[in-house]
Amino acid sequence: MKFYIMRHGEAMPAQALQGDAIRPLSAYGEQEVIMNAQWLRHYLAEQGAEQLDWLLVSPYVRARQTAAILAQQVKVSEQSDCDDITPEGDAQHFADWLFAQLQQRGRGVQHVAIVSHMPFVSYLVAELDARMEPILFPTAGIAEITLDVDGLNGCFERMAVAELA
């Protein structure tokens with residue numbers, strides 16, 4: 001099973017009296033999300049996949065915007081909001097929950113993605129693949145992990161980042 005961990009695109013700077021959760025994507029952030037979403041669409045096609053079976057999204061504005069752009073480029077069978085994948089989320093708790101959900105959903109789910117934030121995405125990579133230290137995610141970067149749902153672990157494959165011209 002393939003699991004894609006995507007960090008949201010570049011966001012507007014935090015402003016005084018404005019909460020982190022409502023920061024929108026910048027124009028540059030929108031463009032980098034488009035580029036990386038196109039990469040994912042082509043990559044899935046190379047693997048013979050037509051869609052993401054399940055997309056989990058942080059409730060923060062910039063993550064929702066990233067997911068909306070992603071869904072314009074890649075067909076998404078099911079999308080769910082997930083309050084546990086915010087910047088302060090607990091990677092171990094989420095990984096346990098994710099494996100339980102994937103076991104319940106069965107073998108029909110082959111391509112799952114999340115759209116989340118630093119530092120959560122960094123810690124999640126290390127939680128899923130014990131060989132890995134937390135890694136720095138560029139904005140709109142996508143980590144690919146092969147999950148062994150029965151073994152409750154993963155193997156980090158690559159970090160994909162499309163370059164803007």
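Not measured: the values here are computed from a predicted model. Numbers given for residues are sequential positions, taken from 1 along each chain in its written order. Local features are withheld for residues below a pLDDT of 70 in this predicted model, meaning they are given only at 70 or higher, and side-chain atom pairs are given and counted only at 80 or more; totals for whole chains, interfaces and linings count all residues. To obtain the side-chain values, all non-hydrogen atoms of the structure were included, while hydrogens and water were left out.

J.: Before we move on, can you summarise the pattern of salt bridges with the specific residues and values?
T.: When the charged atoms of two side chains lie near each other, side chains of opposite charge can form a pair. Here, a salt bridge means any Lys or Arg side-chain nitrogen found within 4 Å of an Asp or Glu carboxyl oxygen. One pass over the full model with this rule turns up 8 salt bridges. Put simply, Asp20 and Arg62 hold a salt bridge, and the shortest N to O gap is 3.1 Å. Pair noted here: Asp20 is in the loop between β1 (2–7) and α1 (27–46) and Arg62 is in helix α2 (residues 61–73), with a separation of 42 residues, a long-range link. Here Asp150 and Arg107 are joined by a salt bridge, their closest N and O atoms 2.7 Å apart. Placement of Asp150 in the loop between β5 (142–148) and β6 (153–160) and of Arg107 in the loop between α3 (91–105) and β4 (111–116) is noted, with a sequence separation of 43 residues between them. Judged by its relative accessible area of 53%, Asp150 is exposed. In the salt-bridge network here, residues are joined through shared partners; they are Lys2, Glu144 and Arg158. For helices the rule is a DSSP run of H or I covering at least 4 residues; for strands it is a run of E covering at least 2, with both sets numbered from the N terminus onward. When a residue's accessible area, from a 1.4 Å probe over protein chains only, is under 20% of the maximum for its type it is buried; when over 50% it is exposed; and in between it is partly exposed.

J.: Please give an account of the packing of α3 against helix α4 (residues 120–128) that cites residues and values.
T.: One way to put it is that α3 packs onto α4 with a least axis distance of 9 Å and a crossing angle of 60°. Considered as vectors, α3 and α4 are oriented oblique to each other. In the crossing of α3 with α4, the sense of the turn from one axis to the other is right-handed. Residues Ala91, Gln92, Phe94, Ala95 and Phe99 of α3 lie in contact with α4, whose contacting residues are Phe120, Tyr123, Leu124, Glu127 and Leu128. Polarity classes work like this: nonpolar for Ala, Val, Leu, Ile, Met, Phe, Trp, Tyr, Cys and Pro, charged for Asp, Glu, Lys and Arg, and polar for all others, with Gly in that last group. Residues of the contact of α3 with α4, tallied by class, amount to 8 nonpolar, 1 polar and 1 charged. Lines fitted to the C-alpha atoms define the axes, with helices restricted to the stretch that makes contact. Angles between their N-to-C directions range from 0 to 180 degrees. For classification purposes, an angle smaller than 35 degrees is called roughly parallel, one larger than 145 roughly antiparallel, one from 65 to 115 roughly perpendicular, and anything else oblique. In this scheme the crossing of two helices becomes right-handed for a clockwise turn of the near helix relative to the far one and left-handed for an anticlockwise turn of less than a right angle. When checking whether two residues touch, look at their non-hydrogen atoms; a contact exists if any pair is within 4.5 Å.

J.: Which residues make up the packing of aromatic side chains, and what values go with them?
T.: A pair of aromatic rings is counted whenever rings of Phe, Tyr or Trp (Trp by its six-membered ring) have centres within 6.5 Å, and the orientation is called stacked for planes under 30 degrees apart, edge-to-face for over 60 and tilted otherwise. One pass over the full model with this rule turns up 4 aromatic pairs. With a centroid separation of 4.9 Å and an interplanar angle of 10°, the aromatic rings of Trp39 and Tyr43 are classed as stacked. With Trp39 and Tyr43 both in helix α1 and 4 residues apart, the pair spans about one turn of that helix. Ring centres of Phe94 and Trp97 lie 5.7 Å apart, and the angle between their planes is 35°; on these two criteria the pair is classed as tilted. Taken together, the residues Phe94 and Trp97, both in helix α3 and 3 residues apart, mark about one turn of the helix. On the basis of relative accessibility, which here comes to 29%, the residue Trp97 falls in the partly exposed class. Taken together, Trp54, Phe94, Trp97 and Phe120 form an aromatic cluster joined through their ring pairs. Sitting over the face of the ring of Trp54, Arg105 holds its NZ or CZ atom 3.6 Å from the ring centroid. Only lysine NZ and arginine CZ atoms are considered, and such an atom sits over a ring when it is within 6 Å of the ring centre and within 35 degrees of the ring normal.

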